Amino acid sequence: MVDGLSRRGVLLGGSALGAVGALGIVAPEAWSWSATGSAVGASTGANPATVHDGAADKVVRALFERGEVDRVNELLADWTHNDQALPARLPSDLHAFLESARRLPSWADQAKMARYFDYNATRGLYIAVAYGMGSGMMSCVIPREAKAVYYSAGGADMKDRIAKTAKLGYDVGAKNAYGPTGRMIVTCVKTRLTHAAVRYLLPKSRHWNAAAPETKPISQADIMVTWHSLATFTHNKIKAWQVPISAAESSSFLHIWQVTAHMLGVHDEFIPATWASANAQSRQVLDPILAPSKEGIELAHILTSLAADFDLGLSRTAFRSFTRYTLGDQIADWLEIPRQPFWDQFVESGWPAFVKFREGTMTLPLPPQGYWMFDEFLRQGALFYLGEGRRINITMPTGNNPNYS
């Protein structure tokens, strides 16, 4: 068997191991990514690590000061579709913010985004694996993100938090995601409000202050780190797994995530214009910062065990092996995910064959039930985390993790 660290090939951004090597963690560099490779091709000279979301932060801070957060959450609960009018009785400052925030950028291309839906309709299974067992678990080795999640309200109810995160991944791949009847504009705008609430609340947590290196969470650099752990990582995995993707489909994949970054409040000068530019930025802002933390290790154990009682532990076993296969041995070891010789080998040899079988390029080297297990594991996971018919509503938190008050 080829060594686990090289077997994976490209993890992120074109580097062999992304952030890590056999000797340890590579120190992150100062921001030097050239904005000539951005969506607007120019820079104001700002460092995204020092930029947050002034418009959202101002209005959300005012909501907290006026004691209106709970009422606004209730009012926004039924605001779900892109073309839907805003609820009546919203505070005027919030109403003005939402009307501005819901506008798509002038460069958004609905035809390109529709092409991404067509691709997701046929290859969504692979994308879901990369999102769930790759990006989701990678968040546990992004220390700033892990600490922010752990000490915020989301850390106290990880099933709910994962469901809300999964909603973004689901909505971005749904038909007409950014069209009139889609949901992605609303999902992004509500996420901006949630981020602003976390920025307001977390600095009040003595536990977060003691653990975090920054004084204010969720900068634009942090959002782009998460963006790369989703968009760039998944695009690279699709190619590494030899899943067919045409140039036009690849471009549509990038475009819908570019629009998503914009709708999450990221300045266009920080949004990569091409996959080459995205990989270059990922090598600088994501790869070097991956590292274990006590918060990340605990979150990883929570995530891999959420459904253990639901399915007698089968999901935990499969989830661990998929994580090791998708992210590599070093990250899995950092997260203290135990090796499972049978399942690790099954996923290692079975997943590439499963992909080829689904794409019609090879016959079954394993009994058919082995491949059914991949589909069934993913289907059951979606049912557990999203719930059958359960509406998922993204709301502003009103406090931090009560276990760390």
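All values derive from a computational prediction rather than experimental measurement.

Asker: Just give me the short version of the overall build of the chain, but keep the residues and values in it.
Answerer: Across its full length, the chain holds 17 helices and 2 strands. By residue count, 54% of the 405 residues in the chain fall in the buried class. A separation of at least 24 residues holds for 76% of the contacts in the chain among residues at least 6 apart in sequence. When the accessible area of the chain is evaluated, it comes to approximately 17,200 Å², of which 56% is carbon and sulfur surface.

Asker: Any details on the nonpolar core? Residues and values, ideally.
Answerer: Counting 101 residues, the largest nonpolar core has Leu94, Leu98, Tyr178, Trp257 and Trp351 as its most contacted members. Of the residues forming this core, the biggest block, 12 residues, is contributed by helix 5 (residues 110-138).

Asker: Before we move on, can you summarise helix 11 (residues 247-263) with the specific residues and values?
Answerer: For helix 11, with 17 residues, the first-to-last C-alpha span of 24 Å sits near the 24 Å given by 1.5 Å per residue. Burial of helix 11 is extensive: 12 of the 17 residues sit out of reach of the surface. Taken as a whole, helix 11 has its buried residues at Ser250, Ser252, Phe253, Leu254, His255, Ile256, Trp257, Gln258, Val259, Thr260, Ala261 and Met263. On its buried face, helix 11 is in contact with helix 4 (92-101), helix 5, helix 7 (158-172), helix 8 (184-201), helix 10 (220-240) and helix 12 (275-285).

Asker: Outline the environment of tryptophan 79, listing residues and values.
Answerer: Relative to the helices and strands, tryptophan 79 resides in the loop between helix 3 (69-76) and helix 4. Look at tryptophan 79 and you get buried, because its relative accessible area is 0%. Separated by 107 residues in the primary sequence, tryptophan 79 and valine 186 place their C-alpha atoms 7.5 Å from one another. With near-sequence residues (within four places) excluded, tryptophan 79 lies in contact with Gln84, Ala85, Leu86, Pro87, Leu98, Arg102, Val186, Val189 and Lys190.

Asker: Go over the packing of aromatic side chains with me, naming the residues and quoting the values.
Answerer: In the structure shown here, the tally under the stated rule is 14 aromatic pairs. Both rings, one in tyrosine 131 and one in tryptophan 257, keep their centres 6.1 Å apart while their planes meet at 80°; by these two values the pair is edge-to-face. Of this pair, tyrosine 131 sits in helix 5 while tryptophan 257 sits in helix 11, and the two are 126 residues apart along the sequence. Pair check on accessibility: tyrosine 131 and tryptophan 257 agree, each one buried. Here phenylalanine 342 and tryptophan 343 contribute two aromatic rings whose centre-to-centre distance is 6.2 Å and whose plane-to-plane angle is 85°, an arrangement assigned as edge-to-face. On the basis of relative accessible area, tryptophan 343 is assigned to the buried category, the value being 16%.

Asker: Account for the environment of serine 38, with residues named and values stated.
Answerer: Within the secondary structure, serine 38 sits in the loop between strand 2 (24-25) and helix 2 (54-65). Serine 38 gets classed as buried once you look at its relative accessible area, which sits at 4%. When neighbours within four sequence positions are excluded, serine 38 is seen to be in contact with Trp33, Asp268, Glu269, Ile271, Pro272 and Ala273.

Asker: Explain the packing of helix 2 against helix 4 residue by residue, including any values.
Answerer: At a minimum axis distance of 10 Å, the contact between helix 2 and helix 4 shows a crossing angle of 155°. Taken together, helix 2 and helix 4 sit at an angle that is classed as roughly antiparallel. Judged by the sense of rotation from one axis to the other, the crossing of helix 2 with helix 4 is left-handed. For the pair formed by helix 2 and helix 4, the contact residues are Ala55, Ala56, Val59, Ala62 and Leu63 on the first element and Asp93, Leu94 and Phe97 on the second. Classifying every residue of the contact of helix 2 with helix 4 gives 7 nonpolar, no polar and 1 charged.

Asker: For the confidence of the model for the chain, give the residues involved together with the corresponding values.
Answerer: With 83% of its residues at a pLDDT of 70 or more, the chain has an overall mean of 85. Long-range and interchain partners of residues 1-29, a stretch whose pLDDT sits below 50, account for 67 contacts in this model, where long-range means more than four residues apart.

Asker: Would you mind going over the environment of glycine 154 in detail, with residue names and values included?
Answerer: Relative to the helices and strands, glycine 154 resides in the loop between helix 6 (143-151) and helix 7. Dropping the residues within four chain positions of it, glycine 154 is found in contact with Val149 and Arg161.

Asker: Describe the side chain of threonine 323, with residues and values.
Answerer: Mapped onto the elements of the fold, threonine 323 is located in helix 14 (residues 314-327). What threonine 323 contacts, discounting residues up to four positions off in sequence, is Met133, Met137, Gly328 and Ile337.

Asker: I'd love a proper account of the pattern of salt bridges, names of residues and values included.
Answerer: Applying the stated criterion across every chain, the model contains 19 salt bridges. We note a salt bridge from arginine 66 to glutamate 68, for which the minimum N-O separation is 2.6 Å. The salt bridge involving arginine 144 is made with aspartate 222; its shortest N-O contact spans 3.0 Å. Of the two residues, arginine 144 sits in helix 6 while aspartate 222 sits in helix 10, which places them 78 residues apart along the sequence. Since its relative accessible area comes to 17%, aspartate 222 is described here as buried. Put simply, Arg324, Asp329, Asp333, Arg339 and Asp344 are held in one network by salt bridges that share partners.

Asker: Account for the side chain of lysine 147, naming residues and giving values.
Answerer: Turning to its location among the elements, lysine 147 is positioned in helix 6. Look at lysine 147 and you get buried, because its relative accessible area is 13%. Here glutamate 295 takes part through its side chain, which lies 3.0 Å from a polar atom of the side chain of lysine 147. The contact partners of lysine 147, leaving out residues within four places of it in the chain, are Trp208, Ala211, Ala212, Ser293 and Glu295.

Thresholds, definitions, all that
- Residues numbered from 1 in each chain as written.
- Predicted model: local features only at pLDDT ≥ 70, side-chain atom pairs only at ≥ 80, totals over all residues.
- Heavy atoms only, no water.
- Helix = DSSP H or I, 4+ residues; strand = E, 2+ residues; numbered from the N terminus.
- Buried < 20%, exposed > 50% of the residue type's maximum accessible area, 1.4 Å probe, protein only.
- Contact = heavy atoms within 4.5 Å.
- Areas by Shrake-Rupley, 256 points an atom, 1.4 Å probe, with all protein chains shown as cover.
- Core = buried A, V, L, I, M, F, W, Y, C linked by side-chain atoms within 4.5 Å.
- Expected span 1.5 Å × (residues − 1).
- Phe/Tyr/Trp six-rings, centres within 6.5 Å; stacked < 30°, edge-to-face > 60°.
- Axes fitted to C-alpha atoms, helices over the stretch in contact; angles between N-to-C directions.
- Parallel < 35°, antiparallel > 145°, perpendicular 65-115°, else oblique.
- Left-handed = near helix turned anticlockwise from the far one by under 90°.
- Nonpolar A, V, L, I, M, F, W, Y, C, P; charged D, E, K, R; others polar.
- pLDDT = per-residue confidence, 0-100.
- Salt bridge = Lys/Arg side-chain N within 4 Å of Asp/Glu carboxyl O.
- Polar contact = N/O pair within 3.5 Å; in protein donor to acceptor, adjacent residues only side chain to side chain.

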